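In case you want the letters, here they are:
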Number of protein chains: 2
Amino acid sequence: MISVVLIGYGNVAAHLLRAFSKSDAVTVKQVFNRTKISTKTFENVDFTNAIHDLVEADCYIICVSDDAIPLVADQLRFKNRLVVHTSGAVSMEKLSAKNRKGVFYPLQSFSKDKPVDFKTIPICIEAVADADIQLLHRLGKSISEEVYEIASDSREKLHVAAVFVNNFVNYLYSLGKEILEAHNLPFALLKPLINETAHKLTFLEPYEAQTGPAKRNDQKTIQKHLELLNNPEHKEIYKLLTQAIQNQHRNT
Amino acid sequence: MISVVLIGYGNVAAHLLRAFSKSDAVTVKQVFNRTKISTKTFENVDFTNAIHDLVEADCYIICVSDDAIPLVADQLRFKNRLVVHTSGAVSMEKLSAKNRKGVFYPLQSFSKDKPVDFKTIPICIEAVADADIQLLHRLGKSISEEVYEIASDSREKLHVAAVFVNNFVNYLYSLGKEILEAHNLPFALLKPLINETAHKLTFLEPYEAQTGPAKRNDQKTIQKHLELLNNPEHKEIYKLLTQAIQNQHRNT
């Protein structure tokens, strides 16, 4: 049984607590948070808002904002225990040297109140000592089938790529919605297309799946679309992404 | 029973033929294509490559490239029959005036060999005469639960929005894959995130679902990401979309 203490209780920690509590291989002994949280969420888990009251555990998982990770790691009063963070963007080296460092990064976008199925979520782990890597591997496997050992410099690249396929893609969804609603059309019209675009990747490489006026260099449609877009920012995004698709498919 | 002739046999026509052939309310009497197609696909459907040999039907569905639609409509030898196209970008008015004009636009991205479930695909219809709208409505309902009457000027806007959430989103997928593979990381790592980003729209508005360094104005991560991106085009896309997200969320 791996014992865990969660430090910080935002979206990631709440989802991890829910996932760990379903596993027989893990026990979450305690949750720390600066402000008190509704206790009914916890049941058998101790809560503390005093950082010097943390109980002993196999692994301390820091789930706070990126900037706060080094500060929180420095505040821990114990030494030589395994302390990991859950961030895609922060190097393992930002953790305090007085403890054994590691990373436990679940590569998913967590929203409050929306349950996720952890089984398919890639867990990216990193640690210095072999024994710690093995422990994080078992911890990952307790909630997911996909555990990858990924070093900090690779994780950073992964995080950039995640920004493109998650944050930027979501922004394009909102932009599509904006265009529709400006013309009194329901966003529901686009949802099957959105799902299919994502789902296609099961069968096709994105390069293969590319369609549309940019790919086929249909200048008439491209010009018409640019005339239809009133918002200069939308126009600029349309131009830049059209150009990028054309550059990518120029020689095909 | 609505009788249909398909004119042109690309992706859209192939998918429509498959969908109509499952419906008791529709019979596809004939398929026209300039070049001969493997007959085993057709079974009970007549094939012709002579445009002047088209049989009589309730509705002729032109499934050719946008540019070719007016040319093909002009070549039809009959008069006063219902002739529709399936394009999101072409105005109904581009069809020849000698026949009754209409549009039957399935809002989906079709790939060869990848079957789609038509039931949830929005079918956007348009026609001049009420009786034609009703016929296209029945035709749409024979394969989908979602049939919308949408005029050409609205359909154009819908098509622009579709380019953002389909073509441009798919390009961002390919860009994510490129970044990963440049660092020997498997694209599989990003697929759960891609699916969740699309799936979230069932529960959340895209504006609500927005996360990431741009949304929270995390300049440190944004600068680090820009340094990590070697490709100037990727850098420019990152900057522009980050700026757009910040403009969108400035007052929240």
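Residues numbered from 1 in each chain as written. Chains lettered and ligands numbered in written order. Predicted model: local features only at pLDDT ≥ 70, side-chain atom pairs only at ≥ 80, totals over all residues. Heavy atoms only, no water.

Caption draft 1: Main features of unusual backbone geometry. Residue and element names in this part refer to chain A. Phi is positive for Asn80, close to 60°, though the residue is something other than glycine. Along the chain, Asn80 falls in the loop between helix H2 (69-75) and strand S5 (82-85). According to the relative accessible area criterion, Asn80 is exposed, its value standing at 54%. With a phi angle near 55°, Asn184 is a residue other than glycine that sits in the positive phi range. Mapped onto the fold, Asn184 is located in the loop between helix H4 (152-182) and helix H5 (191-199). (Helix = DSSP H or I, 4+ residues; strand = E, 2+ residues; numbered from the N terminus. Buried < 20%, exposed > 50% of the residue type's maximum accessible area, 1.4 Å probe, protein only.)

Caption draft 2: Focus on the sheet that holds strand S3 (residues 46-48) of chain B. Residue and element names in this part refer to chain B. The 8 strands lie next to each other as S3-S2-S1-S4-S5-S6-S7-S8, forming an open sheet whose pairing is mixed. Only two strands of the sheet have a single partner each, and these edge strands are S3 and strand S8 (147-149). The mean angle between the axes of side-by-side strands here comes to 25°, regardless of whether they run parallel or antiparallel. Bridging between strand S1 (residues 2-7) and strand S2 (residues 26-32) involves 6 bridges; their strand directions are parallel. (Pairing = 2+ DSSP bridges. Axes fitted to C-alpha atoms, helices over the stretch in contact; angles between N-to-C directions.)

Caption draft 3: Highlighting the side chain of Asp218 of chain B. One can find Asp218 of chain B in the loop between helix H6 (206-209) and helix H7 (219-228). Setting aside residues no more than four positions away along its own chain, Asp218 of chain B makes contact with Asp66 of chain A together with Pro213 of chain B. (Contact = heavy atoms within 4.5 Å.)

Caption draft 4: Layout of the sheet that holds strand S8 (residues 147-149) of chain A. Residues and elements named next belong to chain A. Ordered by their spatial adjacency, 8 strands build an open sheet running S3-S2-S1-S4-S5-S6-S7-S8, and the pairing between neighbours is mixed. Lying at the two open borders of the sheet, with one neighbouring strand each, are strand S3 (46-48) and S8. Within this sheet the neighbouring strands show an average axis-to-axis angle of 25°, counted without direction. Pairing between strand S7 (residues 123-127) and S8: 3 bridges, direction parallel. Bridge pairing in S8 links Ile125 to Glu149. Of the strands in this sheet, strand S1 (2-7), strand S2 (26-32), strand S4 (59-62) and strand S6 (100-106) are in contact with helix H1 (residues 11-21), which crosses S2 at around 150°. The strands that helix H3 (residues 130-141) touches are S1, S2, S4, S5, S6, S7 and S8; relative to S7, the one it contacts most, it runs at about 165°.

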